[in-house]
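Take a look at the letters that make up each chain.
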Amino acid sequence: MASQKAAKKAKTLAFESERLPRPRFMRPALLLMVPSEHHLRLAAQIGVTDIVCAYPGSSYEEVAALQAKIAAFGLRMTVIERLVPHDKIVHGKAGREEQIENFKTLIRSMGRAGVKTLCYNWMPADDWSRCSVTEPERGGALVTNWIEGQVSALADEEGRAHDDGTATSAEQLWLNLEYFLKAVVPVAEEAGVELALHPDDPPVPVLRGKPQIMYNVAAMERAAQLVPSPANGLCFCQGTFASGGEDVLAGIRRVAPYIKYVHFRDVVGAVPHFQECFQDNGKTDMAACMAAYKEAGVRDVAIRPDHVPTLDGEENDHPGYEMLGRLWAVGYINGMMDTIEHGAKRAKKEEAELSQPGI
Ligand SMILES: [Mn+2]
């Protein structure tokens, strides 16, 4: 009797442990800069399949060790994003060849360790900027804002460690980008890795006296066409284009063939003053955007929530990247993908039924 009970319990447990996330047309992802076991467990539980990590170093050993840690939770690291040293490449300064070599080493290591996508940016100061990190959103949740002319107040400064104040002309930034792409795209092709360029955030032509070039969809398209290759792609950061006042939906359709990675985020307002928000509380028709990815053939790429509000009880030590809002956002993203996918199946079924003779 007791053993029967134990067998029944064991069977139930085995069944539970085999529950896997359902496949979706894009792969739900979370950025875990340095993933803790707790956060990896949460990611697996909420239906995330892909983990995005910050630069762990460029050697195969460093990349593979991180992949192994993540794989132990039934997840995969498929994207590396943020903090890859590139200031000398962007500004064309002495030492850029060493940084390009480091990129090549990283790309080869990623290929070997099964990390498909390398997200990079061309921001002169290396990472995103905001003015306030304590603006009130729904129910008193905290979000960031940006107002032209005000100073940066973002606590997350690690990305700007390499910024020595150099201002490079827009023309030279384009030449440096082309030089970089010509060097690394062939290596990416060979390694089976895709590059995904993130736009400049905030998307303005000059930030704190420094020219920027990657501030709209047209510039992103030009970058993708500079060195044509399936390995030369884009990260479509919806929130950035929304804060630039662009038609996000039209942008998705325009550069769809180059989209290798999606940041799903929205804002209210636009340059010169915008504020972040919950994904369901902004100005963009997010459902239409999600449908547009599917219709335009953007499939099997990682999609992550990007910045989220800081919720009650959280410290706001990492504005945009506290955990509760991201757990909520993954549910929103997965629900939206399911609605679109099942809706399409339902429509097809209904159409087939209607076309049957005699009905
Ligand atoms: Mn982004």
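Residues numbered from 1 in each chain as written. Predicted model: local features only at pLDDT ≥ 70, side-chain atom pairs only at ≥ 80, totals over all residues.

A. Spatial organisation of the confidence of the model for the protein chain. Here the protein chain averages 92 in pLDDT, while 91% of its residues score no lower than 70. The low-confidence segment residues 155–159 (pLDDT under 50) makes 10 contacts with residues lying over four places distant or belonging to another chain. (pLDDT = per-residue confidence, 0-100. Contact = placed C-beta atoms within 7 Å.)

B. Structural view of the nonpolar core. Grouped together as the largest cluster of nonpolar side chains are 89 residues, with contacts concentrated most on Ile51, Leu197 and Leu234. Sort the elements by how many residues they give to this core and helix α6 (residues 170–191) lands first, with eight residues. Here Ile51 is in contact with Ala29, Leu30, Leu32, Pro35, Ala43, Ile70, Leu75, Arg76 and Met77, once residues within four sequence places are set aside. (Core = buried A, V, L, I, M, F, W, Y, C linked by C-beta atoms within 7 Å. Buried ≥ 20, exposed ≤ 12 C-beta atoms within 10 Å, placed from the backbone. Helix = DSSP H or I, 4+ residues; strand = E, 2+ residues; numbered from the N terminus.)

C. Here's a closer look at α6. An ideal rise of 1.5 Å per residue puts 32 Å on 22 residues; α6 measures up with 31 Å between its terminal C-alpha atoms. Where α6 bends most, at Val184, the angle is about 30°, and the proline Pro186 comes one to four residues later. Every buried residue of α6 is listed here: Leu173, Asn176, Leu177, Phe180, Leu181, Val184, Val185, Ala188 and Ala191. Once α6 ends, the next one or two residues include Gly192, with phi positive near 75°. (Expected span 1.5 Å × (residues − 1). Bend = angle between axes of the 7 residues up to and from the residue.)

D. Representation of the sheet that holds strand β11 (residues 259–263). With parallel pairing, the eight strands of this closed barrel are ordered in space as β1-β2-β3-β4-β7-β10-β11-β14. Averaged over all pairs of adjacent strands, the angle between their axes in this sheet comes to 30°, without regard to strand direction. Taken together, the three bridges between β11 and strand β14 (residues 302–304) define a ladder with parallel strand orientation. Counted as the bridge partner of Tyr261 is Ala302 from β14. Sheet contacts for helix α11 (residues 323–354): β1 (27–31) and β14; angle to β1, the most-contacted strand, approximately 165°. (Pairing = 2+ DSSP bridges. Axes fitted to C-alpha atoms, helices over the stretch in contact; angles between N-to-C directions.)

E. Representation of the pairing of strand β7 (residues 194–198). With five of its five residues buried, β7 lies for the most part within the structure. Burial along β7 is two-sided: Glu194, Ala196 and His198 facing one way and Leu195 and Leu197 facing the other are all buried. Here strand β4 (residues 117–121) pairs with β7 via five bridges, running parallel. What sits directly across from Asn121, in β7, is His198. Note: β7 against strand β10 (residues 232–237), three bridges, orientation parallel. The residue of β10 that forms the bridge with Leu195 is Asn232.

F. Examining the pairing of strand β13 (residues 273–276) more closely. Pairing geometry for strand β6 (residues 142–147) and β13, over three bridges, is antiparallel. Bridge assignment links Trp146 to a residue of β13, and that residue is Phe274. The pairing of strand β12 (residues 267–270) with β13 spans four bridges and is antiparallel. In the strand pairing of β13, Ala270 is matched with His273. Linkage of β12 to β13, two consecutive antiparallel strands, is achieved through a turn of two residues.

G. Representation of helix α7 (residues 217–226) within the structure. If you check which residues of α7 are buried, you get Val217, Ala219, Met220, Ala223 and Ala224. Here the buried residues of α7 occupy an arc of 160° about the axis, which is enough to place them on one side. Of the exposed residues in α7, the ones pointing more than 90 degrees away from its buried face are Ala218 and Gln225. Check the buried side of α7 and you find it contacts α6, β7, β10, α8 (238–243) and α9 (248–255). (Arc of directions from axis to C-beta.)

H. Region of the structure containing the packing of helix α10 (residues 286–295) against α11. Where α10 contacts α11, the axes come no closer than 10 Å and their chain directions differ by 60°. Relative to α11, the element α10 is oriented oblique. For the pair α10 and α11, the sense of crossing is right-handed. Facing Met286, Ala287, Met290, Ala291 and Lys294 of α10, the residues of α11 in contact are Met336, Met337 and Ile340. Its residues placed into classes, the contact of α10 with α11 shows seven nonpolar, no polar and one charged. (Parallel < 35°, antiparallel > 145°, perpendicular 65-115°, else oblique. Left-handed = near helix turned anticlockwise from the far one by under 90°. Nonpolar A, V, L, I, M, F, W, Y, C, P; charged D, E, K, R; others polar.)

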